[in-house]
Amino acid sequence: MQTKTIPSLILGGSGYVAAEIIRLVVGHPLFRLDGVVSSTYHGQRVDSVFPHLTGAIGDAAFITPDEGKQLIADKRQIAIFSAMPHGETAAVLANILSGAGEAAKVVDMSADFRFSDPKQFEAIYGHAHGAPALLDKFHCALPELESETPDRYVAHPGCFTTVATLASAPLVAFHLADGPIIVNGVTGSTGSGRNPKQGTHHPERHGAMWAYDPLTHRHEPEMEQLLARLDGGAVDLCFIPHSGPFARGIHATVFAHLKTPMPSDAMIRRYQDFYANAPFITVGERLPTVKEVVGSNRCHMGIVTNGENAVVTAVIDNLVKGASGGAVQWMNRMFGLDETTGLMTPGIGWA
């Protein structure tokens with residue numbers, strides 16, 4: 001068990017996910033915030049960009065990537081949380097890690113290391129990978145679905161993929177579904193990042209909801225990749241994402257036709273057995289709401305069947321369980337800590 005304070009570096013420090021990582025790290029009993037990298041805001045105080053962190057981080061200021069690389073160079077161990085944008089992460093992270101040796105453990109929350117094949121990445125994201133030599137070092141996985149812990153490098157699957165995969169995993173693992181698994185997901189506006197776009201601008205989003213990229217969204221292959229490990233073969237999944245009129249959280253509804261008719265209570269027991277050792281997952285008959293998990297690392301699921309068909313609803317906070325909290329959960333495991341360390345703070349309720 002690691003008992004010394006663990007220095008931490010956060011990359012891509014000016015985004016929503018990075019702000020949540022900072023919040024979790026400063027409240028963690030063993031991780032210590034040593035640096036927050038931002039090319040945009042370097043030299044400025046972190047709490048001038050994120051006023052809600054005032055009083056929690058002292059006079060900490062953003063540093064440059066080169067300063068972050070230097071900070072790593074003299075550490076015997078360091079936790080690196082990478083929250084840079086998709087497509088920009090790989091090259092920057094490769095440069096920073098070039099002087100890290102065996103000291104660094106990394107959890108990346110971008111999509112840059114979720115696929116081991118650079119051609120698959122290029123086909124999905126439309127450009128060449130920035131550091132193909134690093135791809136085979138990263139393991140993309142959810143902690144609830146992996147008994148083994150990677151030594152140094154983890155790629156976090158992301159928010160939509162987290163909730164859809166967790167809600168679908170028992171269907172796949174127990175071979176319960178007959179035909180495709182259909183996932184409808186509704187995400188809050190923070191899922192699109194801090195820079196405003198038409199789809200996240202409040203007057204456009206407030207009071208509205210719409211689907212986008214149905215059956216072609218870039219996260220669908222990520223879900224299928226993770227679920228296929230449970231089945232040993234290809235998984236037929238159809239994903240329809242939606243933009244919702246709220247800021248934080250994701251609500252996913254999973255539908256499947258069952259191979260064998262099963263009442264709701266039996267299906268609930270199968271899910272509860274599957275997640276018996278998953279401290280952040282709760283399964284029951286009550287259908288959950290997004291508000292009850294906001295600010296927490298929890299995933300709540302509710303299940304209903306009519307015998308032949310099953311519906312699973314699942315909710316997470318996209319910025320915590322879908323990104324920062326999942327990253328801390330992995331980092332806890334990589335440093336030999338209990339995975340719940342620093343993550344048991346309850347949600348904030350009526351956000």
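Structure shown above.
Residues numbered from 1 in each chain as written. Predicted model: local features only at pLDDT ≥ 70, side-chain atom pairs only at ≥ 80, totals over all residues. Heavy atoms only, no water.

*Asks:* What am I meant to see in the pairing of strand 9 (residues 237-243) here?
*Replies:* The two faces of the sheet receive side chains in turn, since in a regular strand these alternate between them. In terms of burial, strand 9 is a largely internal element, six of the seven residues being buried. Where strand 7 (residues 181-187) lies against strand 9, seven bridges are found, and the strand directions are parallel. Within strand 9, the position partnered with Gly185 by the bridge is Pro241. Sheet topology note: the strand 8 (residues 210-211)/strand 9 ladder contains two bridges and is antiparallel. Bridge pairing in strand 9 places Ala211 opposite His242. (Buried < 20%, exposed > 50% of the residue type's maximum accessible area, 1.4 Å probe, protein only. Helix = DSSP H or I, 4+ residues; strand = E, 2+ residues; numbered from the N terminus. Pairing = 2+ DSSP bridges.)

*Asks:* What is the right way to read the environment of Ala61 from this model?
*Replies:* When you line up the elements, Ala61 lands in the loop between helix 2 (46-49) and helix 3 (65-73). Separated by 17 residues in the primary sequence, Ala61 and Gln44 have C-alpha atoms spaced 5.3 Å apart. Those residues within four positions of Ala61 in sequence are excluded, and the remaining contacts are Val36, Gly43, Gln44, Arg45 and Val46. (Contact = heavy atoms within 4.5 Å.)

*Asks:* Just checking my understanding: could you explain the pattern of salt bridges for this structure?
*Replies:* When the charged atoms of two side chains lie near each other, side chains of opposite charge can form a pair. Evaluation of the coordinates by the stated rule reveals eleven salt bridges. The partner of Glu20 in a salt bridge is Arg248, and the shortest N-O contact between them spans 2.9 Å. Residue Glu20 is located in helix 1 (residues 16-26), and its partner Arg248 is located in the loop between strand 9 and strand 10 (250-262); the two are separated by 228 residues in the primary sequence. Taking the relative accessible area as the measure of exposure, Glu20 reaches 4% and is therefore buried. Using a relative accessible area of 24% as the deciding quantity, one classes Arg248 as partly exposed. As a salt-bridge pair, Arg229 and Glu146 come within 3.4 Å of each other at their nearest N and O atoms. You can see Arg229 sitting in helix 8 (residues 220-231) and its partner Glu146 sitting in the loop between strand 5 (139-140) and strand 6 (153-155), a full 83 residues away along the chain. Within this structure, Glu20, Arg23, Arg248 and Asp317 form a network of salt bridges that share partners. (Salt bridge = Lys/Arg side-chain N within 4 Å of Asp/Glu carboxyl O.)

*Asks:* Explanation requested: the packing of aromatic side chains in the structure shown.
*Replies:* What characterises a pair of aromatic rings is the spacing of the ring centres plus the angle enclosed by the ring planes. As enumerated under the stated definition, the model contains nine aromatic pairs in all. Ring geometry for Phe31 versus Phe335: centroids 6.1 Å apart, planes at 70°, classification edge-to-face. Residue Phe31 is found in strand 2 (residues 31-36), and its partner Phe335 is found in the segment after helix 10 (320-334); the two are separated by 304 residues along the sequence. For Phe335, a relative accessible area of 8% translates into the label buried. In this structure an aromatic cluster arises from ring pairing among Phe31, Phe81 and Phe335. Sitting above the plane of the Phe335 ring, Lys105 keeps its charged end 5.6 Å from the centroid. The ring of Phe174 carries Arg270 above its face, with NZ or CZ at 4.2 Å from the centroid. (Phe/Tyr/Trp six-rings, centres within 6.5 Å; stacked < 30°, edge-to-face > 60°. Lys NZ or Arg CZ within 6 Å of the ring centre and 35° of its normal.)

*Asks:* Can you walk me through the sheet that holds strand 4 (residues 104-108) in this structure?
*Replies:* Strands in a sheet are paired, the pairing made by backbone hydrogen bonds, and the direction either parallel or antiparallel. The strand order across the open sheet formed by six strands is 2-1-3-4-6-5, and the pairing between neighbours is parallel. Two strands bound the open sheet, and with one partner strand each, they are strand 2 and strand 5. Pairing analysis gives five bridges linking strand 1 (residues 6-11) to strand 2, with the strands arranged parallel. The residue of strand 2 that forms the bridge with Ile10 is Val36. Taken strand by strand, helix 10 contacts strand 2, strand 3 (78-82), strand 4 and strand 6, and its axis lies near 155° from that of strand 4. (Axes fitted to C-alpha atoms, helices over the stretch in contact; angles between N-to-C directions.)

*Asks:* What's the story with unusual backbone geometry in this structure? I'm lost.
*Replies:* Note: most residues except glycine have negative phi, and most peptide bonds are trans. The residue His175 is not glycine, and still its phi comes out positive at about 55°. Note that His175 resides in the loop between helix 6 (159-173) and strand 7. With relative accessibility at 44%, the residue His175 sits in the partly exposed group. Even without being a glycine, Asp213 presents a positive backbone phi close to 50°.

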